[in-house]
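Descriptive analysis of the structure
Residue strings, one per chain:
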Amino acid sequence: MNQISPLAFVHPEAKLGDNNIIGPFCYIDRNTVLGNNNVLQNSVTINYGARIGSDNEIFPGASLSTKPQDLKFKGEDTVCEIGNNNSIRENVTISRGTASKGTTIVGNGNLLMENMHVAHDCVIGNGCIIGNSTKFAGEVVVDDYAIISATCLFHQFCHVGSYIMFQGGSRTSQDIPPYVIAGKEPVRYAGVNIIGLRRRGFSNETIQLIHEAYRLLYSKGVLAEGIEEIRKNLPECDEINNIINFVQNSKRGIIR
């Protein structure tokens, strides 16, 4: 049975699972789906098009599946998909998609800290930690287990690789490749995220391979030449392939 405060509004067309707690002054619009065991503290807004999984905790002032802040948006029927086991803190805003992709996605097990923003058509992976007041412009992609500090800014269409650490107060208009630490002004490569990788169970041998891959990649003025050096000198493995594929598929270019 759901526990719904008499001071909350739940649209009769909203679809709620079981054992949800809906606090006072929450607003749940039509065309929304809420799974099981979610906790919505007071003053949470679930807007049209939200698709929310189970076991999430959403804190006061959060507004999910908001109308995109994009002048090209003409009222298309789009959605915002949020997975399971997320902690979405105070005043977080997540927009729904536009005609470009149709969906904004937040995966599972993420911590989205106070006052951060996920714009239209973004894709946030699993296990990410996003710091206070960080802002993602439209269609940013963040891969799994990225750690992004507070008050960071990401240009639209940026791609953030998995297992990275991004320094607080930084901003980027380029892609951040996987497994690295990035920061300073302007943002640049600052080494391999050794501590983060060890915490996630990467062996010292794999970390050394990643370190060597970036040494070879950045040793050349042309990234394609660095990739060839990696292929010639390092054994093939998932992590090396991930680095190569990320760099080759980068649309905005990677940080240097």
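Residues numbered from 1 in each chain as written. Predicted model: local features only at pLDDT ≥ 70, side-chain atom pairs only at ≥ 80, totals over all residues. Heavy atoms only, no water.

**A few points about the packing of aromatic side chains**
Convention followed: Only rings of Phe, Tyr and Trp enter the pairing, Trp through its six-membered ring, and a pair is recorded when the two centres are within 6.5 Å. The plane angle decides the type: under 30 degrees is stacked, over 60 is edge-to-face, the rest tilted. Runs of H or I in DSSP of at least four residues are treated as helices and runs of E of at least two as strands, each being numbered from the N terminus. The buried label goes to any residue with under 20% of its type's maximum accessible area, the exposed label to any with over 50%, and the partly exposed label to all in between, with areas taken from a 1.4 Å probe on protein chains only.
Within the structure shown, the criterion is met by 10 aromatic pairs. Relative to Y27, the ring of F9 lies with its centre 5.2 Å away and its plane at 20°, an arrangement referred to as stacked. Within this pair, whereas F9 is found in strand β2 (residues 9–10), its partner Y27 is found in strand β5 (residues 27–28), the two being separated by 18 residues in sequence. Seen in terms of ring centroids, Y163 and Y179 are 5.9 Å apart; in terms of plane orientation they differ by 20°. Their pairing is stacked. Of the two residues, Y163 sits in the loop between β24 (159–160) and β25 (165–166) while Y179 sits in the loop between β26 (171–172) and β27 (180–183), which places them 16 residues apart along the sequence. Both residues of the pair, Y163 and Y179, count as buried. Ring-pair connections join several aromatic residues into one group, and the members of that group are Y145, Y163, Y179 and F202.

**What to know about unusual backbone geometry**
At the junction of E185 and P186, the peptide bond is cis and its omega measures out at 0° in the coordinates. Tracing the sequence through the fold places P186 in the loop between β27 and β28 (188–192). In this model, N31 sits at a positive phi of 55°, which is unusual for a non-glycine residue. If you trace the backbone, N31 turns up in the loop between β5 and β6 (33–34). Residue classification places N31 among the partly exposed positions, given a relative accessible area of 22%.

**A closer look at helix α2 (residues 204–218)**
Given 3.6 residues per helical turn, the α-helix brings residues three or four places apart onto the same face. The condition that has to hold: Given the number of residues in a helix, its expected span is that number minus one, multiplied by 1.5 Å. Every residue pair with non-hydrogen atoms within 4.5 Å of one another is taken to be in contact.
With 15 residues, α2 should cover 21 Å at 1.5 Å per step; its first-to-last C-alpha distance of 21 Å lies within 8% of that length. Of all the residues in α2, the buried ones are T206, I207, I210, A213, Y214, L216 and L217. Looking at the buried positions of α2, the neighbouring elements they touch are β27, β28, α1 (194–199), α3 (223–233) and α4 (238–249).

**Focus on the pairing of strand β15 (residues 103–106)**
Applicable threshold: Pairing between strands is defined by DSSP: at least two bridges between the two strands are required.
Pairing of strand β12 (residues 79–82) with β15 involves four bridges; the strand directions are parallel. Among the inter-strand pairings, C80 is bridged to a residue of β15, identified as T104. Direction of pairing for β15 relative to strand β18 (residues 123–124): parallel, over a ladder of two bridges. Each bridged residue has a counterpart across the sheet, and for I105 the counterpart in β18 is V123.

**What to know about the nonpolar core**
We apply this condition: By convention a nonpolar core is built from buried Ala, Val, Leu, Ile, Met, Phe, Trp, Tyr and Cys residues, the set being connected through side-chain atoms within 4.5 Å.
Core analysis: the biggest nonpolar cluster contains 65 residues, and I94, F136 and I148 have the highest contact counts within it. Residue contributions to this core peak at six residues, all from α2. In contact with F136, other than residues within four places in its own chain, are M116, H117, V118, A119, C122, I124, I130, V142, I148 and F154.

**Some points on the packing of α3 against α4**
Rules: Here, axes are lines fitted to C-alpha atoms. For helices the fit covers the stretch in contact, and angles between N-to-C directions go from 0 to 180 degrees. When describing relative orientation, an angle under 35 degrees is termed roughly parallel and one over 145 degrees roughly antiparallel, while 65 to 115 degrees is termed roughly perpendicular and anything else oblique. Helix crossings get a hand from a simple test, with the near helix turned counterclockwise from the far one by less than a right angle marking a left-handed crossing and a clockwise turn marking a right-handed one. In the scheme used here, Gly and all other residues not listed as nonpolar or charged are polar, with Ala, Val, Leu, Ile, Met, Phe, Trp, Tyr, Cys and Pro taken as nonpolar and Asp, Glu, Lys and Arg as charged.
In contact at an axis separation of 11 Å, α3 and α4 are set at 165° when each is read in the N-to-C sense. Compared by their axis directions, α3 and α4 come out roughly antiparallel. The two elements α3 and α4 meet at a crossing, and its hand is left-handed. Along the contact surface, α3 presents L223, I227, I230 and R231, while α4 presents I240, I244, V247 and Q248. Residues that form the contact of α3 with α4 fall into these classes: six nonpolar, one polar and one charged.

**Observations concerning the sheet that holds β26**
The strands making up a sheet are joined through hydrogen bonds of the backbone, oriented either antiparallel or parallel. Taken in spatial order, the nine strands make up an open sheet running β2-β5-β8-β11-β14-β17-β20-β23-β26, and their pairing is parallel. Pairing within the sheet leaves two strands with one partner each, and these edge strands are β2 and β26. For strand β14 (residues 93–95) and strand β17 (residues 117–118), the ladder comprises two bridges, and the chain directions are parallel. Within the sheet, the bridge partner assigned to T93 lies in β17 and is H117.

**Topic: the side chain of D70**
For clarity, the cut-off: Between N or O atoms, a polar contact is any pair within 3.5 Å; within protein, one atom must be a potential hydrogen donor and the other a potential acceptor, and residues adjacent in sequence are included only when both atoms are from side chains.
Along the chain, D70 falls in the loop between β11 (63–66) and β12. With relative accessibility at 14%, the residue D70 sits in the buried group. A polar side-chain atom of D70 sits 2.9 Å from the main-chain amide nitrogen of K72. Residues within four places of D70 in sequence aside, it is in contact with T98 and H120.

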